[in-house]
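# Breakdown of the fold
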Amino acid sequence: IRCGDTVMTIGGGTIGMIMLQLARMGGAATTILLETNEKRFALARALGADHVLNPIKDDVQAALQTICRGDVRVVIECVGRAETVENAIAYAGKAATVLIFGLTDPDCAIPYQPFAAFKKELTIKTSYVNPNTQGRAADIIASGRLNLADLISDRVALKDAAKAFAPGPRNGKTIILP
């Protein structure tokens, strides 16, 4: 991320909200979050999203033309689904970087059109387990510039820990209290 970039984060879960904040810290001039759970919209705006779009309800391509003339410089995919990875590539502007951060199912296959990436001059990167970044992450957290407290939506007692693992949508992280 370079100073002045327009950065799109796909997915407003905990990781997406952290990436949104890091994009702002990294110099993004405009931040866009794509998220389907509208209960997360207000938090996303509070954490630095200039624009929050629901890709199911909103015409994302038209919105991008209005917001930044389609010039999304960095797209950070934080969902880990084939369709969101495809969307990350589709929404990326010319000479953009696409970071596939979300972890897909090991058998997930995504159709890829090299010519489309070539026409846009895309750089496509993936994340990986990196034990050498923990110190930097701890420093960012210690700086107080990253808001993690608001990402905790629920707190449950240890005796009710099963509730924390129940299936269903969440609005943030659940903390189990001893």
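This write-up is about the structure you can find in this document. The shown structure was predicted, so the numbers you read here are calculated from the model rather than taken from an experiment. (Residues numbered from 1 in each chain as written. Predicted model: local features only at pLDDT ≥ 70, side-chain atom pairs only at ≥ 80, totals over all residues. Heavy atoms only, no water.)

Summing up its helical and strand segments, the protein has 6 helices and 8 strands in all. Moving toward the C terminus, one meets the helices and strands of the protein in the order β-α-β-α-β-α-β-α-β-α-β-α-β-β. A compact globule built from 178 residues would reach a C-alpha radius of gyration of about 16 Å, and the protein, at 17 Å, matches this within 12%. In terms of its C-alpha atoms, the protein occupies a principal-axis envelope of roughly 55 × 35 × 35 Å. (Helix = DSSP H or I, 4+ residues; strand = E, 2+ residues; numbered from the N terminus. Rg over C-alpha atoms; globule rule 2.2 N^0.38 Å.)

With that settled, the discussion passes to the pattern of salt bridges. In this structure the tally under the stated criterion is 6 salt bridges. Here Arg 24 makes a salt bridge to Asp 50, at a shortest N to O gap of 2.6 Å. Within this pair, whereas Arg 24 is found in helix H1 (residues 14–25), its partner Asp 50 is found in the loop between helix H2 (41–46) and strand E3 (51–53), the two being separated by 26 residues in sequence. Of the charged contacts in the structure, one is a salt bridge between Asp 71 and Arg 73, with a shortest N-O distance of 3.8 Å. For Asp 71, a relative accessible area of 32% corresponds to the partly exposed category. (Salt bridge = Lys/Arg side-chain N within 4 Å of Asp/Glu carboxyl O. Buried < 20%, exposed > 50% of the residue type's maximum accessible area, 1.4 Å probe, protein only.)

Moving on: the nonpolar core. The nonpolar side chains of a soluble globular protein tend to be buried with one another. Ranked by internal contacts, the top residues of the largest apolar core, which has 21 residues, are Met 8, Ile 10, Leu 34, Val 60, Leu 64, Val 75 and Tyr 91. Not counting residues within four places of it along the chain, the set of residues in contact with Leu 64 comprises Met 8, Ile 32, Arg 69, Gly 70, Val 72 and Tyr 91. Listed in part, the 12 residues of the second largest apolar core include Leu 20, Leu 33, Ala 44 and Leu 146. (Core = buried A, V, L, I, M, F, W, Y, C linked by side-chain atoms within 4.5 Å. Contact = heavy atoms within 4.5 Å.)

What follows is about the side chain of Thr 6. By the element assignment, Thr 6 lies in strand E1 (residues 6–10). Under the relative-accessibility criterion, Thr 6 is labelled buried at 8%. If near-sequence neighbours (up to four positions away) are discounted, Thr 6 is found in contact with Thr 30, Ile 32, Cys 68, Asp 71, Val 72, Arg 73 and Val 74.

Inspection of every chain in the model, using the stated rule, returns 1 aromatic pair. A centroid spacing of 5.7 Å and a plane angle of 35° characterise the contact between Phe 115 and Phe 118, whose relative ring orientation is tilted. Placement of both Phe 115 and Phe 118 in helix H5 (residues 114–120) is noted, with a separation of 3 residues, approximately one turn of the helix. (Phe/Tyr/Trp six-rings, centres within 6.5 Å; stacked < 30°, edge-to-face > 60°.)

For Asp 160, the position within the fold is in the loop between strand E7 (152–157) and strand E8 (173–177). C-alpha of Asp 160 to C-alpha of Ile 176: the two residues are 16 residues apart in sequence and 8.2 Å apart in space. Within polar-contact distance, the side chain of Asp 160 engages the side chain of Lys 159 at 3.3 Å. (Polar contact = N/O pair within 3.5 Å; in protein donor to acceptor, adjacent residues only side chain to side chain.)

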